[in-house]
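# Results of the structural survey
Next come the chains, spelled out residue by residue.
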Amino acid sequence: MNCSTARDVLPEFALGVAPGEDADQVELHVETCAACRKEAVDLQRAAASFGYALAADGAPPESLEQHVVQAVHEVARPAKHPHLRGRRTGIALLVAAVLVASVGIGSVFAGREERLRVQAERTALAAQAAIVNLGGIVQGVGGRDTKVLSGALAARSGVGNGSAVTILTRNADDQMIVVVNGLAGRSVPLAVSISDTKGHAIDVGTIHALDTAGGATRAWELQSSLKGFVDVTVRDAHRHIVLRGTLQAQTAVASPSP
Amino acid sequence: MEGLLAGDDAAIRALYARFARPVYTMGLRLLGSREAAEELTQDVFVTAWRKAARFDPHRGRLSTWLMTIAHNQAVDRLRRETGVTRPKLVLVDEMPESPQSVDEDLLLERDAALRAIASLSDAERRLVLRTYFRGMTAREISEDDGIPLGTVKTRLRSALIKVRLANQKELS
């Protein structure tokens, strides 16, 4: 993103309503552009005036202070035990390695549409089988406090598929891994989000590029709890839903035959 | 902020004492229920802890940073919860102040904010209110009002710059 484009988005960015991908790009741009960063800060300061101008309607309940302190302590705990972070990173690497091993061969068939489609289906099944069988491994590395949810992602239009895994820990510093296949031709970046049953959603991250088979594997450390978040949605650059699926606690399944 | 980063009890409580009320008020006004406002307040302070290492006092004020976090989270939630009856938004000059004591710094901040907003025309004020409090994007306003997207963006920028200049006058 250049300065001109960033300046066009900055007012909406400051007002908190810039579309997701625009906001991501502005954030990246202002990290490296001092002039736009100053403009962003000034506009955010102006926007915050509207927040301060709101009439107070009663004070927060007294009990809320204790809840806030406890909530911060809960998430602050892992920082006091850096070895836990290292162990979680190890788990993510392990999961990502297994997924890549299952899926990364798809690009070999680039250009041969039918074989590619069949391969994409197979690799998705292989990935799904791999991730649902990871439970024991992850549990072994992560201990009893680690929980793994996984599931297949299905295409709305019938083209493409994928898998997703969440790794939940007691420290609420959770991770998510997504594998997609057969999405060649879809407009990128793809945006991955996950929501709970009440409809609360977390924007997990974006997949900026696909390989020639329309595949990609991405892992994110979210620094927030994914407990209760099970519905995964992948949207293309036009915000159209391309893949969707629901995660569940693991039960082992057999790998598909090659 | 260092205390907050360390999860220090006193630092969290000090930050809470200073900012809980405006954050809670924002939650109440944007999301419409005490329960949602409490959830938002909790989420904002947890997010502040997570992002504390990235806060740079040379780039902006702590109050702006925290209110931006609060507002972004409230708008995200507002936009997700379509169908929710959105509360009527009342600025402080349209509503009698609560008799409960309010932090003096907060009152000063609010007075300065109201003076800055008063520099806007009614049309500019309504335009910003629709984005800031209702979470409407420039495109949505453009479609609703039947005016070009570029015009909406230009007007939003112009309104924010007016408020910014008024803020700067307050400071000087």
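Notes on the structure follow. Keep in mind that this is a model prediction, so the values were computed, not measured.

## Structural notes on the overall build of chain B
Scanning chain B from N- to C-terminus turns up eight helices and zero strands. Burial status across chain B gives 35% buried among its 172 residues. Taking contacts inside chain B between residues at least 6 apart in sequence as the whole, the part at least 24 apart equals 64%.

## Quick notes on the overall build of chain A
When helices and strands are tallied, chain A shows seven helices and nine strands. The buried share of chain A, reckoned over its 258 residues, is 43%.

## Quick notes on helix H1 (residues 3-14) of chain A
An α-helical segment advances 3.6 residues per turn. Residues three or four places apart therefore align on the same side. Residue and element names in this part refer to chain A. In a regular helix each residue adds 1.5 Å, so 12 residues correspond to 16 Å; H1 covers 15 Å between its end C-alpha atoms and thus fits that length. Along H1, the positions that sit buried rather than exposed are Ala 6, Val 9, Leu 10, Pro 11, Glu 12, Phe 13 and Ala 14. Positive backbone phi, approximately 75°, marks Gly 16, located one or two places after H1.

## As for the environment of B:Val46
All names here are of chain B. In this structure, Val 46 sits in helix H3 (residues 34-51). For Val 46, a count of 21 C-beta atoms within 10 Å corresponds to the buried category. With 34 residues separating them in the primary sequence, Val 46 and Ile 12 have C-alpha atoms 9.8 Å apart.

## Quick look at the nonpolar core
Among the nonpolar cores identified, the biggest contains 67 residues, and A:Ala47, B:Phe45 and B:Ala70 are the most heavily contacted of them. Counting residues per element, this core draws most heavily on helix H2 (residues 9-31) of chain B, which supplies 11 residues. Setting aside its immediate chain neighbours within four residues, A:Ala47 contacts A:Ala14, A:Leu15, B:Tyr132 and B:Leu160. Grouped together as the second largest cluster of nonpolar side chains are 31 residues, A:Val165, A:Leu168, A:Leu210 and A:Leu226 included.

## Remarks on the pairing of strand S3 (residues 175-181) of chain A
Residues and elements named next belong to chain A. The buried fraction of S3 amounts to seven of the seven residues, a majority that puts the element mostly inside the structure. Burial of S3 is two-sided: the residues Gln 175, Ile 177, Val 179 and Asn 181 facing one way and the residues Met 176, Val 178 and Val 180 facing the other way are all buried. The sheet contact formed by strand S2 (residues 161-168) and S3 spans seven bridges and is antiparallel. From the neighbouring strand, Ser 163 faces S3, where its bridge partner is Val 179. Sheet topology places S3 next to strand S6 (residues 216-221); six bridges connect them, and they run antiparallel. Note that in S6 the partner of Val 178 across the bridge is Arg 218.

## Observations regarding the environment of A:Ala18
Within the fold, A:Ala18 resides in the loop between H1 and helix H2 (20-32). Once residues lying within four places of it in the same chain are set aside, the contact partners of A:Ala18 are A:Val9, A:Glu12, A:Phe13, A:Ala23 and A:Val26.

## Describing the packing of H1(A) against H2(A)
Residue and element names in this part refer to chain A. Two elements in contact, H1 and H2, have axes whose closest approach is 10 Å; the angle formed by their N-to-C orientations is 110°. As summarised for this structure, H1 and H2 are arranged roughly perpendicular, according to the angle between their axes. Read as a crossing pair, H1 and H2 show a hand that is left-handed. Facing H1, whose interface residues are Ala 6, Val 9, Leu 10 and Phe 13, H2 presents Asp 22, Ala 23, Val 26 and His 29. Residues belonging to the contact of H1 with H2 are distributed by class as follows: six nonpolar, one polar and one charged.

## A short note on unusual backbone geometry
Residues and elements named next belong to chain A. Geometrically, the link from Val 188 to Pro 189 is a cis peptide bond, its omega value of 5° lying close to zero. On the secondary structure map, Pro 189 appears in the loop between S3 and strand S4 (190-196). The backbone of Arg 239 sits at a positive phi, close to 70°, despite the residue not being glycine. Within the fold, Arg 239 resides in the loop between strand S7 (229-235) and strand S8 (241-246).

## Some words on the pairing of S8(A)
Residues and elements named next belong to chain A. Taken together, the two bridges between strand S1 (residues 147-155) and S8 define a ladder with antiparallel strand orientation. When the bridges of S8 are listed, Ala 154 appears paired with Arg 244. Across five bridges, S7 lies against S8 in antiparallel orientation. For Val 232, the partnering residue across the bridge sits in S8 and is Gly 245. What sits between S7 and S8 in their antiparallel hairpin is a turn of five residues, with Arg 239 showing a positive phi close to 70°.

## Overview of the interface of chain B and chain A
As a measure of interface size, the accessible area lost when the parts come together is often cited. Taken together, the 59 residues of chain B in the interface contact 44 residues of chain A. When residues of the side of chain B that touches chain A are traced back to their parent elements, those giving at least two are H2, H3, helix H4 (62-80), helix H5 (104-117), helix H6 (122-132) and helix H8 (149-171) of chain B. Looking at which element gives the most residues to the side of chain B that touches chain A, the answer is H2(B), with 12 residues. Classifying every residue of the side of chain B that touches chain A gives 28 nonpolar, 15 polar and 16 charged.

## Thoughts on the packing of H2(B) against H3(B)
All names here are of chain B. With their axes 8 Å apart at the nearest point, H2 and H3 run at an angle of 140° to one another. With respect to H3, the axis of H2 lies oblique. Here H2 runs over H3; the crossing is right-handed. Mapping the contact onto sequence places Ile 12, Leu 15, Tyr 16, Ala 20, Val 23, Tyr 24, Gly 27, Leu 28 and Leu 31 in H2 and Arg 34, Ala 36, Ala 37, Leu 40, Thr 41, Val 44 and Phe 45 in H3.

Parameters and conventions
Residues numbered from 1 in each chain as written. Chains lettered and ligands numbered in written order. Predicted model: local features only at pLDDT ≥ 70, side-chain atom pairs only at ≥ 80, totals over all residues. Helix = DSSP H or I, 4+ residues; strand = E, 2+ residues; numbered from the N terminus. Buried ≥ 20, exposed ≤ 12 C-beta atoms within 10 Å, placed from the backbone. Contact = placed C-beta atoms within 7 Å. Expected span 1.5 Å × (residues − 1). Core = buried A, V, L, I, M, F, W, Y, C linked by C-beta atoms within 7 Å. Pairing = 2+ DSSP bridges. Axes fitted to C-alpha atoms, helices over the stretch in contact; angles between N-to-C directions. Parallel < 35°, antiparallel > 145°, perpendicular 65-115°, else oblique. Left-handed = near helix turned anticlockwise from the far one by under 90°. Nonpolar A, V, L, I, M, F, W, Y, C, P; charged D, E, K, R; others polar.

Keep in mind that these numbers describe shape and distance, not what the molecule does.
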